[in-house]
Amino acid sequence: MSGIDVVAVDGSASVQRPPAEVRYADELRRLAAADEGPRPPGWVLSLTAARRFIVGDQDVGISRKFVGDPSLIDRALVSLATSRGLMLVGEPGTAKSLLSELLAAAVSGVSTLTIQGGAATTEDQIKYSWNYALLVAEGPSTRSLVRAPLLRGMAEGRTVRFEEITRCPLEVQDSLLSPLSDRVLAIPELTGPDAMVFARDGFNVIATANTRDRGVNEMSAALKRRFNFETVFPIPDLQTELALVEAEAGALLRRSGVTAPPRRDVLEVLVTTFRELRTGRTARGDAMDRLTAVMSTAEAVSVAHAVGLRGWFLRGEAGTAADLVSCLAGTAAKDSPEDLAKLRRYLEQQVSWRPGDQWRALHAARHQLPG
Ligand SMILES: Nc1ncnc2c1ncn2[C@@H]1O[C@H](COP(=O)(O)OP(=O)(O)OP(=O)(O)O)[C@@H](O)[C@H]1O
Ligand SMILES: [Mg+2]
């Protein structure tokens, strides 16, 4: 398991966000100890224990980490036990990356064999590269070989994560083809048995792709065939989303040294606002303008965190709906002045009729929007 501590022992600053296998090391240990189910070859947990790790089980003190349809988790785990990769697609901020991290931690005990896809991703970063000093001194050898996540995952029989795969150039995406179909990776520079790396049991790939970026349509058909696709949807109901935002923002605020927990009435306003601006429909069913900016649950969590920080560090209290106005501007009006105008219209027209102090405070603070 990874050697990253949640709290640094020498008093230096702690790791901001340790990987899932470190954050939940205790839960994983307990699940493995009590796990009597059959495990697919190379897995550290059975399917039922892995599912419990992700969707939670209050009776045995396992927290719920992903909120959503449990049958999605079952399908994802079954895909990973087959020889096809798993492709998680969906809107931004729907916890695709989180889910891929949790799945990798549950299946392989490690979630850090991760390739971050982007326009500049190269095959070197996926397969392998060379330590040039050693390469010059002694030529290509297993010593001078620098293993990238795909090679390591194959050799060690673990889950490899490929984030934002559709942002990579097509020819780079295609370097997954033979590892996924033939389960082998050739290293032509080496000779003898080292020139072929055969995947061990437990190796598979979880890729994520965002439907707002360059879409999955542009992936090659050959690569698409090697993945099972699962769509991750936004959280459908207000109360579930509210509970998640409260728990996540509360944890982030505690880590930031804020001792005032977020106020429920403020979060209710925040989550309702996000949902309405996301869907273009108010709680009472009126149509309104939806924003082009992403108003995801992940954004709601980070705005709730900012609201709490503002209240605490500026005034020594929990954040209020007035803080929300300032924090919203930076989220909602990122890429288009029209969004800012829509947000202003929303605060003018859709807020004043609602009962409650925090809705009134939101309306009263509307002039704090910049511009
Ligand atoms: N259904 C959900 N269950 C648990 N957490 C969620 C859920 N939806 C959103 N979140 C929140 O969003 C955060 C994760 O966002 P994540 O980065 O995984 O999303 P993403 O889909 O990968 O986004 P992007 O497409 O921008 O990469 C979580 O840490 C959590 O706070
Ligand atoms: Mg992501």
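Please read all numbers here as calculations on a predicted model, not as lab measurements. (Residues numbered from 1 in each chain as written. Chains lettered and ligands numbered in written order. Predicted model: local features only at pLDDT ≥ 70, side-chain atom pairs only at ≥ 80, totals over all residues.)

1. A look at the overall build of the protein chain
Piece 1. Secondary structure assignment for the protein chain yields 17 helices and 9 strands.
Piece 2. Whereas a compact globule of 371 residues would reach a radius of gyration of roughly 21 Å, the protein chain reaches 23 Å, a difference of no more than 12%.
Piece 3. Looking at the protein chain as a whole, 39% of its 371 residues qualify as buried.
Piece 4. A separation threshold of at least 6 residues defines the contact pool for the protein chain, and within that pool the share at least 24 residues apart is 67%. (Helix = DSSP H or I, 4+ residues; strand = E, 2+ residues; numbered from the N terminus. Rg over C-alpha atoms; globule rule 2.2 N^0.38 Å. Buried ≥ 20, exposed ≤ 12 C-beta atoms within 10 Å, placed from the backbone. Contact = placed C-beta atoms within 7 Å.)

2. Topic: the site of ligand 1
Piece 1. Around ligand 1 there are 18 residues in total, and Ala95, Lys96, Ser97, Thr297 and Ala298 lie nearest to it.
Piece 2. For the shell around ligand 1, the secondary structure elements donating two or more residues are α5 (96–108), β8 (204–210), α12 (238–255) and α14 (297–315).
Piece 3. Built from parts of two domains, the shell around ligand 1 gets at least three residues from each of domain 1 (68–231) and domain 2 (238–368). (Near = placed C-beta within 6 Å. Domains from an automatic or database assignment.)

3. Quick look at the packing of α12 against α14
Piece 1. Running from amino to carboxyl end, α12 crosses α14 at an angle of 45°, the nearest separation of the two axes being 9 Å. Taken as axis vectors, α12 and α14 run oblique relative to one another. For the pair α12 and α14, the sense of crossing is right-handed. Along the contact surface, α12 presents Glu241, Leu244, Val245, Glu248, Ala249, Leu252 and Leu253, while α14 presents Thr297, Ala300, Val301, Ala304, His305 and Gly308. (Axes fitted to C-alpha atoms, helices over the stretch in contact; angles between N-to-C directions. Parallel < 35°, antiparallel > 145°, perpendicular 65-115°, else oblique. Left-handed = near helix turned anticlockwise from the far one by under 90°.)

4. Topic: the domain arrangement of the protein chain
Piece 1. As assigned here, the protein chain comprises domain 1 (68–231) and domain 2 (238–368).
Piece 2. On the side of domain 2, 5 residues touch domain 1, which itself brings 5 residues to the contact.

5. Considering the sheet that holds strand β9 (residues 227–231)
Strand pairing in a sheet relies on backbone hydrogen bonds, with the paired strands running either antiparallel or parallel.
Piece 1. A sheet is described by the order of its strands in space; here 5 strands give the open sequence β2-β5-β8-β1-β9, paired in parallel fashion. The open sheet terminates on both sides in strands that have one partner only, identified here as β2 (114–116) and β9. Ignoring which end each strand starts from, the neighbouring axes of this sheet average 20° apart.
Piece 2. Bridge count between β2 and strand β5 (residues 159–163): 3 bridges; the pairing is parallel. Each bridged residue has a counterpart across the sheet, and for Gln116 the counterpart in β5 is Glu163.
Piece 3. Against the sheet, α5 contacts β1 (85–90), β5 and β8, and its axis sits at roughly 170° relative to β5. (Pairing = 2+ DSSP bridges.)

6. A short note on the packing of α14 against helix α15 (residues 321–332)
Between two packed helices, what matters for the description is the angle formed by their axes and the separation of those axes.
Piece 1. Put simply, α14 and α15 touch, their axes get as near as 9 Å, and they point 135° apart. By the criterion of interaxial angle, the relationship of α14 to α15 is oblique. Crossing hand, α14 versus α15: right-handed. Facing Glu299, Val303, Ala306, Val307, Arg310 and Gly311 of α14, the residues of α15 in contact are Asp323, Leu324, Ser326, Cys327, Leu328 and Thr331.

7. Quick word on helix α16 (residues 337–349)
Since there are 3.6 residues in each turn of an α-helix, residues three or four apart along the chain are aligned in direction.
Piece 1. With 13 residues, α16 should reach 18 Å at 1.5 Å per residue; the first-to-last C-alpha distance of 18 Å fits that figure.
Piece 2. Among the residues of α16, Asp339, Lys342, Leu343, Tyr346 and Leu347 are the ones counted as buried. Buried residues of α16 fall within an arc of 135° about the axis and therefore sit on the same side. Turned more than 90 degrees off the buried face of α16, the exposed positions are Pro337, Glu338 and Glu348.
Piece 3. Where α16 is buried, its residues meet α13 (264–279), α15 and α17 (357–364). (Expected span 1.5 Å × (residues − 1). Arc of directions from axis to C-beta.)

8. Regarding the nonpolar core
Piece 1. Formed by 59 residues in total, the largest nonpolar core has its most connected members in Ala50, Phe53, Leu102, Leu103 and Ala106.
Piece 2. Residue assignment for this core shows that the elements contributing at least two residues are α2 (25–34), α3 (47–55), α4 (70–81), β1, α5, α8 (149–156), β5 and β8.
Piece 3. Among the elements that make up this core, the one with the highest residue count is α5 (7 residues).
Piece 4. Beyond its immediate stretch of four places on either side in the chain, Ala106 contacts Leu45, Ala50, Phe53 and Ile54.
Piece 5. Counting 32 residues, the second largest nonpolar core, distinct from the first, contains Leu267, Val307, Leu324 and Tyr346. (Core = buried A, V, L, I, M, F, W, Y, C linked by C-beta atoms within 7 Å.)

9. Considering unusual backbone geometry
Piece 1. Positive phi, close to 75°, is recorded for Ala95, a residue that is not glycine.
Piece 2. Looking at the element boundaries, Ala95 is found in the loop between β1 and α5.
Piece 3. Residue Glu164 is not a glycine yet carries a positive backbone phi of 50°.
Piece 4. For Glu164, the location among the structural elements is in the loop between β5 and α9 (170–173).

10. Side note on the pairing of β5
Piece 1. Within β5, 5 of the 5 residues are buried, leaving the element largely enclosed by the surrounding structure.
Piece 2. Judged by which residues are buried, β5 turns out to be covered on both faces: Thr159, Arg161 and Glu163 on one side and Val160 and Phe162 on the other are all buried.
Piece 3. When β5 meets β8, the two strands line up parallel, connected through 4 bridges. In the strand pairing of β8, Arg161 is matched with Ile206.

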